[in-house]
Amino acid sequence: MWAYIISRLLSFIPTIFISVTIVFIFTRLLPGNPVWALVGDQSVSAEKIDEVVKMMGYDRPIFIQYLEWLPKILSGDLGNSVFYKEPVLEVILNRVPVTFSLAILSLIITVIIAIPLGITAAVHQNTWMDNLCVAITNVWISLPSFWLGFLFIILFSVNLGWLPSSGYRELSFGFEDWIKRLILPILSMSLAHIALLVRVTRSSMIEVLENEYVVTARAKGLSKYKIIYKHALRNALVSILTVVGLIFALNLGGSIIIENIYALPGLGQLVATAALRRDYAIIEGGMLYFIVVALFVNLFIDISYSFFNPRIRFD
Amino acid sequence: MNIIKHGSQNKLFIIGLVILLPLFIFTLAAPIFTQYSPTTLNVEMKLMPPSLNNWFGTDEYGRDLFSRVIYGSQISMRVAAAATFSTVVLGVLFGSLAGFYNLADLFISRICDALLNFPGLIIGIMVMAALGQSEINIILAMVIMYTPRIVRVVRASVIEIKAMDFIDAAKVIGASNLRILFFHILPHTISPLVVQITFGFAWAILVESGLSFLGLGTPPPAPSWGNIISDGREFIRTAPWIMIFPGLMIAVAVTGLNLIGDGLREILDPRLRNTSQKVESTIG
């Protein structure tokens, strides 16, 4: 087990290396540079700009910049943001609570609703309940999240006035203030994921329930409950967990669109704005964060397979 | 191909087709269905609710929303089709190289893994920020985002088929590598590919609307489903119809495509019932 984890951790290195290199090339291919974006509409002489560009080293060949930048970023030194005038790590860490609250709560809601629904649909396969479930999830999965987000605002904020339509309040201002502003974002984020997870749970449960050991279990008189939860679900969990992991990694990346609609200061927004402003350091730091998060979530999911299904061993 | 024969018996496929066909007809024959131009301003008529003259109402500049939505579907469909087509061409090329030659695999797979690690729309946003708003650039952004997925699918089936006996047989009778790849291996990758193409098309519609919504997609005043919704966000309290109708169109198109994709998967590959690839179509 430990050998497996260590070998997986080592395999992160080339992936991270290639990813940061792609990010570097991407950011330097953006026309213009942070200095131009900083100047904006102010009238500053071209010489002055060139001077600053030179001072910050953006005029050197890309390859030289890369050689200087690579060891820094791999050692965890993300540099300073041109716009926030703060270390990138701090800027990112400031945004993490928003994104994490959203990601974790949304995942919990998704799992709590989707897995029981999926199981119910699979157990009652081809009944009206199952058909309804399939039909609803099919439509639901196709709704664009930003559109749903607006419908929720129209319904819950504008018409019913139950919830605020945007903004974020830190948890330290009190639980109610915090959660009230997160309910709509969580809803719009979770619904598509719920539909997805219901489908995956349903199809993998159906597959498992067709196995002969389920027939055997039924023949020897086990209760329906035991068959479903103790025998079938455990074996269906591998594909379910894979999708849960994917959803969690997606959530942790921060949803640019959801954060945009509800004006939440999360990581997705941060990186998207940074891309528009050519804030190289933030883009690079943010992307590095996304990659590392995705890798660790995947590793964690792979390890958890063996916890839920002891037949899976890592040697 | 017996797609047609089996397709006529597959419920999902038929429902999907029934949903999509009218939409395609509306899109292709847009001028027949509306006498309004999608870009002509008419300030006297601004923000009118849906009525007999303006089925979907009008927007802030008095433009008829119904014609904006159907002309918008032309742009959304065109962009999605072009992106899907280019993605498939590149995906098959790189996927078969990666599956067939180990050395190429080393580079191609690593790059694909790296690209797939970035969440949601980030890559698209970076490409659009770099190149600026235009239809070609949206297509390019989507190609960069989706090609790795097609590469994976093609690569996996190439590797599977490469190990089969009939490939050895072809080698023994002296077929060249290229001949084996094109005439013996690639034809077998078509089934999973066809399924991916329908999902890819649905995904492209969602991504185009997402980028346009963020102001990084189809440049105004040309209508696209995403930028009409984006225009509507200011009027969410006073004129909610501006964003409701294009959103419905997206939902209808994507539902239809997903159903066709599911149907095709059942028809072409009964073993593949796992829906986990659907995660690609829910964008962040």
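About the thresholds
Residues numbered from 1 in each chain as written. Chains lettered and ligands numbered in written order. Predicted model: local features only at pLDDT ≥ 70, side-chain atom pairs only at ≥ 80, totals over all residues. Helix = DSSP H or I, 4+ residues; strand = E, 2+ residues; numbered from the N terminus. Buried ≥ 20, exposed ≤ 12 C-beta atoms within 10 Å, placed from the backbone. Contact = placed C-beta atoms within 7 Å. Nonpolar A, V, L, I, M, F, W, Y, C, P; charged D, E, K, R; others polar. Expected span 1.5 Å × (residues − 1). Bend = angle between axes of the 7 residues up to and from the residue. Domains from an automatic or database assignment. pLDDT = per-residue confidence, 0-100. Axes fitted to C-alpha atoms, helices over the stretch in contact; angles between N-to-C directions. Parallel < 35°, antiparallel > 145°, perpendicular 65-115°, else oblique. Left-handed = near helix turned anticlockwise from the far one by under 90°. Core = buried A, V, L, I, M, F, W, Y, C linked by C-beta atoms within 7 Å.

(A) Local environment of the overall build of chain A. A count of helical and extended segments in chain A gives 13 helices and zero strands. Moving toward the C terminus, one meets the helices and strands of chain A in the order α-α-α-α-α-α-α-α-α-α-α-α-α. Within the span of chain A, comprising 315 residues, buried residues form 39% of the whole. Summarising the internal contacts of chain A: among those between residues at least 6 apart in sequence, 72% fall at separations of at least 24.

(B) Quick look at the overall build of chain B. When helices and strands are counted, chain B shows 12 helices and zero strands. Ordering the α and β elements of chain B from the N terminus gives α-α-α-α-α-α-α-α-α-α-α-α. Counting every position in chain B, which comprises 284 residues, the buried fraction comes to 49%. Put simply, 69% of the contacts in chain B that link residues at least 6 apart link residues at least 24 apart.

(C) Representation of the interface of chain B and chain A. Listed per partner, the contact involves 41 residues of chain B and 47 residues of chain A. It is helix α12 (residues 241–268) of chain B that contributes the most residues to the side of chain B that touches chain A, eight residues altogether. Here the side of chain B that touches chain A is built from residues that sort into 22 nonpolar, 13 polar and six charged.

(D) Geometry of helix α5 (residues 88–123) of chain A. Its 36 residues give α5(A) an end-to-end C-alpha distance of 50 Å, which sits within 8% of 52 Å, the value for a rise of 1.5 Å per residue. The axis of α5(A) is deflected most strongly, by about 35°, at A:Val96, and proline A:Pro97 appears within four residues downstream.

(E) Spotlight on the domain arrangement of chain A. Split into domains, chain A comes out as domain 1 (14–74) and domain 2 (89–308). Placing a centre on the C-alpha atoms of domain 1 of chain A and another on those of domain 2 of chain A gives a separation of 36 Å.

(F) The confidence of the model for chain B, seen in detail. All names here are of chain B. For chain B, per-residue confidence averages 80 on the pLDDT scale, and residues scoring 70 or more make up 86% of the total. Considering only residues more than four positions removed or in separate chains, one finds that residues 273–284, a stretch of pLDDT under 50, has 45 contacts. Taken over the whole predicted complex, pTM reads 0.81, whereas the ipTM for its chain interfaces reads 0.76.

(G) View of the packing of helix α12 (residues 267–277) of chain A against helix α13 (residues 280–308) of chain A. Residue and element names in this part refer to chain A. Close contact between α12 and α13 brings their axes to 8 Å; oriented N to C, the two are set at 140°. Here α12 lies oblique to α13, going by the angle between them. In terms of crossing hand, the pair formed by α12 and α13 is left-handed. In contact with Leu267, Leu270, Val271, Ala274 and Ala275 of α12, α13 contributes Ile282, Ile283 and Gly286. Residue classes in the contact of α12 with α13 are distributed as seven nonpolar, one polar and no charged.

(H) View of the nonpolar core. A:Leu197, A:Val271, B:Ile125, B:Met142, B:Ala204 and B:Ile205 are the most contacted members of the largest nonpolar core, which totals 155 residues. Each of domain 1 (14–74) and domain 2 (89–308) of chain A contributes no fewer than three residues to this core. Leave out the neighbours within four places in its chain, and A:Leu197 touches A:Thr110, A:Ala114, A:Ile115, A:Gly118, A:Val243, A:Val244 and A:Ile247.

(I) Examining the environment of B:Val194 more closely. All names here are of chain B. Note on placement: Val194 falls in helix α10 (residues 190–213). Along the backbone, Val194 and Arg265 are 71 residues apart, and their C-alpha atoms lie at a distance of 8.5 Å. Among all residues touching Val194, those that are not within four sequence positions of it are Leu264 and Leu268.

(J) Quick look at the packing of helix α5 (residues 102–117) of chain B against helix α7 (residues 135–162) of chain B. All names here are of chain B. Following both chains from N to C, one finds α5 and α7 inclined at 130°, their axes separated by 9 Å at the closest point. It follows from the interaxial angle that α5 and α7 lie oblique. Relative to α7, the crossing made by α5 is left-handed. Every residue of α7 that contacts α5 at Ile108, Cys112, Leu115 and Leu116 is listed here: Pro148, Val151 and Arg152.

(K) Spatial organisation of the environment of A:Ile153. The residue A:Ile153 is located in helix α7 (residues 145–159) in this model. A:Ile153 sits in the buried class, given 23 other C-beta atoms within 10 Å. Separated by 11 residues in sequence, A:Ile153 and A:Pro164 place their C-alpha atoms 8.3 Å apart. Discounting residues that sit within four places of it in the chain, A:Ile153 has contacts with A:Val158, A:Ser165, A:Leu184 and B:Ile236.

(L) A look at the confidence of the model for chain A. On average, residues of chain A score 80 in pLDDT, and 94% of them are at 70 or above. Within chain A, helix α2 (residues 34–39) of chain A has the poorest average pLDDT of any element, 67, and α5(A) the best, 88.

(M) Spatial organisation of unusual backbone geometry. Residues and elements named next belong to chain A. With phi around 50°, Ala263 is a residue other than glycine that occupies positive phi space. Relative to the elements of secondary structure, Ala263 occurs in the loop between α11 (256–261) and α12. On the basis of neighbour counts, which here come to 13 C-beta atoms within 10 Å, the residue Ala263 falls in the partly exposed class.

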